[in-house]
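Inside the fold
Next come the chains, spelled out residue by residue.
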Amino acid sequence: MKNIVRAERVNEFEAKMRSRYGLKSIDLINNAALCAFDVIKDRVENKSVLILVGKGNNGSDGLSLFFLLKKHSANVKVYLYGEGKSVENKSFRLMLNEDDITNELSGYDVYIDSLVGSSFSGAIRDDLKEILDTVNSFNADKIAVDVPSCYYFNADLTVTFTFYKLEQFRLPYSSGHIVLCNPGFPPDEIESFNEDAFLLEDSDYKAKKLKDTDYKNKRGHLLIIAGSEKYKGAAILSSKAAFHAGCGLVSLKSDALKDVQYYYPSVILNNGDIDFDRYDALLAGPGLAENADRSYLSFHKSMVLDADALSTIEKGDNFNFNAILTPHLGESKRLSEKLGCNDTAKDIAKEVRAIVVKKSAIVEISDGIRTFYYLGLNPSLGVAGSGDVLSGIIAALLSSGMESADAAINGVLLHQISGKKLRAKLGFYDSMDLIYEIGRNR
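1. Things to note about the pattern of salt bridges
This model, assessed by the stated rule, comprises 20 salt bridges. Note that Glu195 and Arg6 form a salt bridge whose closest N and O atoms lie 3.1 Å from each other. Taken together, the residues span a long stretch of sequence, with Glu195 in the loop between helix H7 (187–192) and strand S9 (197–199) and Arg6 in the loop between strand S1 (2–5) and helix H1 (7–21) at a distance of 189 residues. When its relative accessible area of 32% is taken as the criterion, Arg6 is described as partly exposed. Two residues, Arg370 and Asp367, come together in a salt bridge whose shortest N-O distance is 2.9 Å. Owing to a relative accessible area of 15%, Asp367 belongs among the buried residues under this scheme. By sharing partners, the salt bridges in this structure join Arg6, Glu8, Arg9 and Glu195 into a single network.

2. Structural notes on the sheet that holds strand S15 (residues 323–326)
Spatially, twelve strands are ordered S7-S1-S9-S18-S17-S16-S15-S14-S13-S10-S11-S12 in an open sheet, and the strand pairing comes out mixed. With one partner strand each, in any of the chains shown, strand S7 (164–165) and strand S12 (268–269) form the two edges of the open sheet.

3. Some details on the packing of helix H12 (residues 386–399) against helix H13 (residues 404–426)
The geometry of H12 relative to H13 is characterised by a closest axis approach of 8 Å and an angle of 135 degrees between their N-to-C directions. Comparing their axes, H13 and H12 come out oblique. Crossing of H12 against H13: the hand is right-handed. Here Ser386, Val389, Leu390, Ile393, Ile394, Leu397 and Leu398 of H12 come into contact with H13, specifically with Ser404, Ala407, Ala408, Asn410, Gly411, Val412, Leu414 and His415.

4. Overview of helix H14 (residues 431–441)
Restricting attention to buried positions, one finds in H14 the residues Ser431, Leu434, Ile435, Glu437, Ile438 and Asn441. The buried side chains of H14 occupy one side of the element, clustering within an arc of 165 degrees when seen end-on. Buried residues along H14 sit in contact with helix H8 (232–244), H12 and H13. Looking at where H14 begins, the residue whose side-chain oxygen comes 3.1 Å from the main-chain nitrogen of Met432 is Asp430.

5. Some details on the nonpolar core
Counting residues in each nonpolar core, the largest one holds 53 residues, and the members touching the most others are Leu222, Ile324 and Ile365. With nine residues, H13 is the single largest residue contributor to this core. If we skip the residues at most four places from it in the chain, Ile365 touches Leu200, Ile355, Val356, Val357, Arg370, Thr371, Phe372, Ala408, Ile409 and Val412. Listed in part, the 29 residues of the second largest apolar core include Cys35, Leu68, Leu96 and Ile112.

6. Side note on the layout of surface pockets
Looking at the largest pocket, its volume works out to about 830 Å³. Taken together, 36 residues line the largest pocket, and the ones lying closest to its centre are Thr326, His328, Glu331, Lys359 and Gly387. When residues of the lining of the largest pocket are traced back to their parent elements, those giving at least two are helix H10 (329–339), H12 and H13. Looking at the lining of the largest pocket residue by residue, the class counts come to 16 nonpolar, 13 polar and seven charged. For the second largest pocket, the calculated volume is near 710 Å³. Lining the second largest pocket are 33 residues, with Asn57, Asn58, Gly117, Ser118 and Ser119 sitting closest to its centre. For the lining of the second largest pocket, the elements supplying multiple residues, two or more each, are H1, helix H2 (25–44) and helix H3 (57–72).

7. Description of the environment of His72
With respect to the helices, strands and loops of the structure, His72 is situated in helix H3. Residue classification places His72 among the exposed residues on the basis of a relative accessible area of 61%. As a C-alpha pair, His72 and Asn46 span 26 residues in sequence and 9.4 Å in three-dimensional space.

8. Points about the sheet that holds strand S2 (residues 49–53)
In spatial order, the strands read S3-S2-S4-S5-S6-S8; together these six strands make up an open sheet with parallel pairing. Bordering the open sheet on either side are strand S3 (76–80) and strand S8 (177–181), each of which pairs with just one other strand. Strand-to-strand twist in this sheet, taken as the mean axis angle between neighbours without regard to direction, amounts to 20 degrees. In terms of strand pairing, S2 meets strand S4 (residues 110–114) through five bridges, oriented parallel. Residue Ile51 lies in a different strand from S4, and its bridge partner there is Ile112.

9. Description of the side chain of Arg93
Inspection of the secondary structure puts Arg93 in helix H4 (residues 87–94). The charged side chain of Arg93 is buried without a salt bridge, its nearest counter-charge being Glu83 at 5.2 Å. Of the polar contacts made by the side chain of Arg93, one reaches the side chain of Asn89; its length is 2.6 Å.

10. A few points about the packing of aromatic side chains
One pass over the full model with this rule turns up 13 aromatic pairs. Look at Phe243 and Tyr264: their rings are 6.1 Å apart centre to centre, the planes differ by 70 degrees, and that puts the pair in the edge-to-face class. Here the residue Phe243 occupies a position in helix H8, and Tyr264 occupies one in the loop between helix H9 (257–263) and S12, the gap between them amounting to 21 residues. Pairwise contacts between aromatic rings join Phe13, Phe163, Phe185 and Phe193 into one cluster.

11. Details of unusual backbone geometry
Backbone geometry at Thr162 places phi at a positive 75 degrees, although glycine is not the residue there. Its location among the elements puts Thr162 in the loop between strand S6 (157–161) and S7. Despite not being glycine, Phe321 shows a phi value in the positive range, around 60 degrees. On the secondary structure map, Phe321 appears in the loop between strand S14 (303–306) and S15. The exposure class of Phe321 is partly exposed, given its relative accessible area of 27%.

12. Considerations on the pairing of S3
Direction of pairing for S2 relative to S3: parallel, over a ladder of five bridges. In the sheet register, Val49 faces S3, and the bridge partner there is Val76. As a crossover connection, the stretch from S2 through H3 into S3 is right-handed.

Calculation notes
- Residues numbered from 1 in each chain as written.
- Predicted model: local features only at pLDDT ≥ 70, side-chain atom pairs only at ≥ 80, totals over all residues.
- Heavy atoms only, no water.
- Salt bridge = Lys/Arg side-chain N within 4 Å of Asp/Glu carboxyl O.
- Helix = DSSP H or I, 4+ residues; strand = E, 2+ residues; numbered from the N terminus.
- Buried < 20%, exposed > 50% of the residue type's maximum accessible area, 1.4 Å probe, protein only.
- Pairing = 2+ DSSP bridges.
- Axes fitted to C-alpha atoms, helices over the stretch in contact; angles between N-to-C directions.
- Parallel < 35°, antiparallel > 145°, perpendicular 65-115°, else oblique.
- Left-handed = near helix turned anticlockwise from the far one by under 90°.
- Contact = heavy atoms within 4.5 Å.
- Arc of directions from axis to C-beta.
- Polar contact = N/O pair within 3.5 Å; in protein donor to acceptor, adjacent residues only side chain to side chain.
- Core = buried A, V, L, I, M, F, W, Y, C linked by side-chain atoms within 4.5 Å.
- 1 Å grid on protein atoms, 1.4 Å probe; cavity = no way out; pocket = protein on both sides within 12 Å on 5 of 7 lines; lining within 4 Å.
- Points joined across faces, edges and corners; volume = space filled by probe spheres on them.
- Nonpolar A, V, L, I, M, F, W, Y, C, P; charged D, E, K, R; others polar.
- Lys, Arg positive; Asp, Glu negative; His and termini not counted.
- Phe/Tyr/Trp six-rings, centres within 6.5 Å; stacked < 30°, edge-to-face > 60°.
- Right-handed = clockwise from strand over helix to strand, strands pointing away.

What follows is the structure, given as structure tokens:
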């Protein structure tokens, strides 16, 4: 797990470290460029490269990187935006030859963005926006140095320095894959400087340990309220995912019981009144469609509210952090509008006192104080039923006795790790394939 820090505080940290340890800006710039070079050198080999260079020290990073690349490739140019402002930027510009510079943006295999760094705030200048819009439109590999300029450049890869920046995760499609490098600050100072935001890594996954003698009654009894005549598959997928995530017993309340019984006899069918006391955890919402109501909100143990159950949440609801909400981007936006808060997992979590898992290419998990991010960036997981599978996994972990925040984090990690491994094996796949992979990684 890595710290994520607001860009403004990163700049404060770096200034303090330069003062405290006598670190020189030019050394940090050259170290940053060397870090970036090591990350991208194979990616740009035998490619035509254009480096977009800005006025400040982000531009200086790009210029230092240019001279490193020029030693290894003759086909690299710089595009200069404005006049250099920092001493280092001006010095690097004086070292350029006329042939190093171009005013043409089109025609390159790789674009490296070092126009504007993490000190950016406010609105994008019109002339800069025009440059970024033009480059964003190209079907080429795009790399950002430190941060995507104005958090608007659509990078496939970002080589960032010192800390992951919180702003890189608020616009999940701008940073691409992020590689973190330390350009020369004391590691112990970096380690001790943090906020309440963290980047999750695969190694953070902690499986619920089972004894060899554990049987179904020892592994949790989950109640699922899911499925309708229109969306029968959601009930099957969430139930099956719960079993493959380790749940011992799954009971299902659904309008599609006959179909579920035929296709998936492992579930216990419930077509009468519900005795909530019988169950260790509850999952409500997948495929309920117009049949969603608020009766399940009387469940006093841990629960997952997904899909159509999210539409029943009202302003003023308080779940005392026993509920995990799992909205995708559209559901999150609608929920935040109803609640009258910002559309972030943290703000929604604070509003209804719940754990929120906001699903997208970058997953956002919050308990209202801490926020955890996972860089999924795996389009193969964006398949019908994937969300039903995730809710089943998280609910299974709850039924085993795992705390809500831990169940949300480990459920997301198991889902993402399984999706990543399955993509390596199959490429693209369906949600049933994903469920079997979850069982293998559980």
